[in-house]
2 protein chains.
Amino acid sequence: VNNIKIAIMGFGNVGRSLAKLIAFKGEDIERKYNIKLNVVAIADSRGAVVREEGLTPYELLKLCELPRSYIFTYEPYGIPGAKVKEIYSRVAPDIHIEVTPSNYESGEPGLSNILYAINSGVNVVIANKAPLVLKYSHIMQYAKQRGIQIRFKATVMAGTPLIDLLKSLKGYNIEVIEGIINGTTNYILTEMHEDLIPYSDALKKAQALGIAEPNPDLDVKGWDAAAKLVIISNVINEPISLNDVERDDLSKLDLREVFKAIKENMLLKFIAKYDVKEKRALVKITKIPRDDILSNVKGTMNAVKIKTDINNIVLIGKGAGRMETAHALMDDILSIAEVISHGP
Amino acid sequence: VNNIKIAIMGFGNVGRSLAKLIAFKGEDIERKYNIKLNVVAIADSRGAVVREEGLTPYELLKLCELPRSYIFTYEPYGIPGAKVKEIYSRVAPDIHIEVTPSNYESGEPGLSNILYAINSGVNVVIANKAPLVLKYSHIMQYAKQRGIQIRFKATVMAGTPLIDLLKSLKGYNIEVIEGIINGTTNYILTEMHEDLIPYSDALKKAQALGIAEPNPDLDVKGWDAAAKLVIISNVINEPISLNDVERDDLSKLDLREVFKAIKENMLLKFIAKYDVKEKRALVKITKIPRDDILSNVKGTMNAVKIKTDINNIVLIGKGAGRMETAHALMDDILSIAEVISHGP
């Protein structure tokens, strides 16, 4: 059995879902892949838990029951105020998992954490989009220098492996990538169309269900979809930056526009599109015909069409969710673990 | 620049499309990946061409103009009657491309070619399904022993990367895989529904367009889809064999069955399905509702739904075509070339 030591940086919804997934599926994975995942450290904004031999499934589940930012109180492994530097002075993980929140201005704390891990020779799996959106090529070049692997499939479409799919299309020239890559706004638009309710009511419904954040700006102003387009553009080696993306504001959408579209037998979708040839990226409220495959993508579902020089591919799946995101992280962890333990 | 030496075994439609692709896109790929692809040998049923320094783009294109099984006449590199053994005594390729035709009884000549390549320490890219269908675990174990890489994404859905997608879903338990994975029969069924013509007329149309073979049995009797299910089952580590797959015979479908389905607001599709939990695989004419995503998959398009323990993913794309298949081979070649030249 190959023991893989993991440090989880960030312990909100996604970090906790990953901890639960490891607690519940760890044995299954050990049987299937001969890889034992040992969580040797977990950090949140106010401290960390460090256990060199790896936390037991029971300990992981107990940590998930503590309130936000309180894991430092967990006896005897809690360390108040511990940050990445202190953690790495105590343990040497094989894989660093970055699941801190996205801050598109500074990229912090994710950016510094990731660079510290690379500098320490630790492979990195990322769900926090901001560091990649702001410093993709810097991170990748630094990792290459240090012989470190970086994976980040959880950043786009969560459990639906768009990033892997794009990486696998090596012999193609990708011309256009277009689709629905934000579940919250697609849910709001679906509600507006099906129940004929204004934006504000649809938003309230989404918030009540936990689909939209109390402050929904990152989603409804198109920042989240734009950030995903930036990551996609880097993956296909045609990088753009966040400010290159033209964005509509869904909160300004009048219900009458929905009525108008319905009358024309069309519907409105919040479409993210990167036209690689024209190097033009946008996140726009777009009128599409009912027989377009994207018109059937409802609620929090996501879908992406990839147009290459020789074919068209469509990938559809849920684009968000804690457990979906945790599974995407797990895919990346296992893919790195396989390389570490056997070679490719 | 990393020079990668390639041997192409089989020079029918797919082998020629790959040769053209390398001739036309080779420079582009060298610029993009720093990898130069040198075709050092090509073989067909009656001989081979061997050129240690690599065939030039012009030479590759000239070879594509020769009639089937006549490349041995190409001066000064043609060798009448040369088989894999003689070829490998003259050149040492990095990657062996197996694009001979599928023979589901013996697996030959593909199976022997592949084993010879592995034994010679050559990585292998496969488009010929038969050797994998008959001897998947033997091939993989032997390759593992020899430290050799095997790739075969072209065997299922051609240019649509289902195999890569399945491999990337490491943290999931896949429960059901279901879809349309044979383009020829989907074309015939689409014609029967849209033009209300009997099977025999739809088949003739497909044959006239080069979509169906003169002898269409492998497609219409479900063997091709069943073979793909066997490969899929091996990829997800839940292997079944060809005889485990229950098959319908599309040629027996009466047009009245199509009318009946239409009357019920349904339609008929030739659905391949592997229920992993129940370990039951089938290729069956299936009545599906019009709002099922598979009902909109028309003509030679393919689509697969993947149901896992935590989500559902749909992948849609063209499932056949010479250039699409050649691009899938190219993806596999580049993915091996990257590992050879840089490590993972």
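As shown above, the structure is provided for reference.
Keep in mind that this is a model prediction, so the values were computed, not measured.

What about the overall build of chain A?
Argument step 1. When its secondary structure is counted, chain A shows twelve helices and 13 strands.
Argument step 2. The C-alpha radius of gyration computed for chain A amounts to 21 Å, which stays within 12% of the reference 20 Å derived for 344 residues, consistent with globular compactness.
Argument step 3. In chain A, which comprises 344 residues, the share counted as buried stands at 58%.
Argument step 4. Taken as a whole, chain A presents about 14000 Å² of accessible surface, with 48% of it coming from carbon and sulfur.

Some thoughts on the side chain of Ser335 of chain B
Argument step 1. Note that Ser335 of chain B resides in helix H12 (residues 322–342).
Argument step 2. Of note is the side chain of Ser335 of chain B, whose polar atom sits 2.7 Å from the side chain of Arg151 of chain B.

Remarks on the relation of the copies chain B and chain A
Argument step 1. Here chain B sits on chain A after a turn of 180° about the axis and a move of 0.0 Å along it, with an RMSD of 0.0 Å. Both copies are brought into coincidence by an operation consistent with a two-fold rotation axis. Every residue of chain B has its C-alpha some distance from the rotation axis, and the shortest such distance is that of Leu315 of chain B, at 2.3 Å.

Considerations on the nonpolar core
Argument step 1. In terms of nonpolar packing, the biggest core is built from 162 residues, with Ile87 of chain A together with Ile87 of chain B touching the most fellow members.
Argument step 2. The residues touching Ile87 of chain A, leaving out its near neighbours within four places in the chain, are Met9, Ala41, Ala43, Ala48, Val50 and Ala82 of chain A.

Regarding helix H2 (residues 57–64) of chain B
All names here are of chain B.
Argument step 1. Burial in H2 covers these residues: Glu59, Leu60, Leu63 and Cys64. Each buried residue of H2 sits inside an arc of 145° when the element is viewed along its axis, so together they form one side.
Argument step 2. Those residues of H2 that are buried lie in contact with helix H1 (13–33), strand E2 (35–44) and strand E3 (47–50).

What to know about the interface of chain B and chain A
Argument step 1. The interface of chain B with chain A comprises 39 residues on the first partner and 39 residues on the second.
Argument step 2. Contact between chain B and chain A buries roughly 3200 Å² in total, counting both sides, with carbon and sulfur atoms accounting for 55%.
Argument step 3. Applying the counting rule to chain B against chain A returns four salt bridges.
Argument step 4. Ionic pairing is found between Glu338 of chain A and Lys170 of chain B, a salt bridge with its closest N-O pair at 3.3 Å.
Argument step 5. Across the chain B-chain A interface, the total number found is 26 residue pairs in polar contact (both at pLDDT 80 or more).
Argument step 6. Secondary-structure elements contributing two or more residues to the side of chain B that touches chain A are H1, helix H6 (162–168), strand E13 (312–318) and H12 of chain B.
Argument step 7. Among the elements that make up the side of chain B that touches chain A, the one with the highest residue count is H12 of chain B (ten residues).
Argument step 8. In terms of residue class, the side of chain B that touches chain A is built from 17 nonpolar, eleven polar and eleven charged.
Argument step 9. The pairing of strand E13 (residues 312–318) of chain A with E13 of chain B spans five bridges and is antiparallel.

As for the environment of Ile71 of chain B
Residues and elements named next belong to chain B.
Argument step 1. Looking at the secondary structure, you find Ile71 in the loop between H2 and strand E4 (78–80).
Argument step 2. You can call Ile71 buried: its relative accessible area is 0%.
Argument step 3. Remark: the alpha-carbon pair of Ile71 and Val49, spanning 22 residues in sequence, is separated by 6.5 Å.
Argument step 4. In this structure, Ile71 is in contact with Phe11, Ile42, Ala43, Asp44, Gly47, Ala48, Val49, Leu63, Leu66 and Gly78, ignoring residues within four places of it in sequence.

A closer look at unusual backbone geometry
Residue and element names in this part refer to chain A.
Argument step 1. At the junction of Glu75 and Pro76, the peptide bond is cis and its omega measures out at -5° in the coordinates.
Argument step 2. Position of Pro76 relative to the elements: it lies in the loop between helix H2 (57–64) and strand E4 (78–80).
Argument step 3. For Lys279, which is not glycine, the phi dihedral falls at a positive 50°.
Argument step 4. Relative to the helices and strands, Lys279 resides in the loop between strand E10 (266–275) and strand E11 (280–289).

About the cut-offs
- Residues numbered from 1 in each chain as written.
- Chains lettered and ligands numbered in written order.
- Predicted model: local features only at pLDDT ≥ 70, side-chain atom pairs only at ≥ 80, totals over all residues.
- Heavy atoms only, no water.
- Helix = DSSP H or I, 4+ residues; strand = E, 2+ residues; numbered from the N terminus.
- Rg over C-alpha atoms; globule rule 2.2 N^0.38 Å.
- Buried < 20%, exposed > 50% of the residue type's maximum accessible area, 1.4 Å probe, protein only.
- Areas by Shrake-Rupley, 256 points an atom, 1.4 Å probe, with all protein chains shown as cover.
- Polar contact = N/O pair within 3.5 Å; in protein donor to acceptor, adjacent residues only side chain to side chain.
- Least-squares fit on C-alpha atoms with pLDDT ≥ 70 in both.
- Core = buried A, V, L, I, M, F, W, Y, C linked by side-chain atoms within 4.5 Å.
- Contact = heavy atoms within 4.5 Å.
- Arc of directions from axis to C-beta.
- Buried area = accessible area lost by both parts, 1.4 Å probe.
- Salt bridge = Lys/Arg side-chain N within 4 Å of Asp/Glu carboxyl O.
- Nonpolar A, V, L, I, M, F, W, Y, C, P; charged D, E, K, R; others polar.
- Pairing = 2+ DSSP bridges.

Any link to function would need more than the numbers given here.
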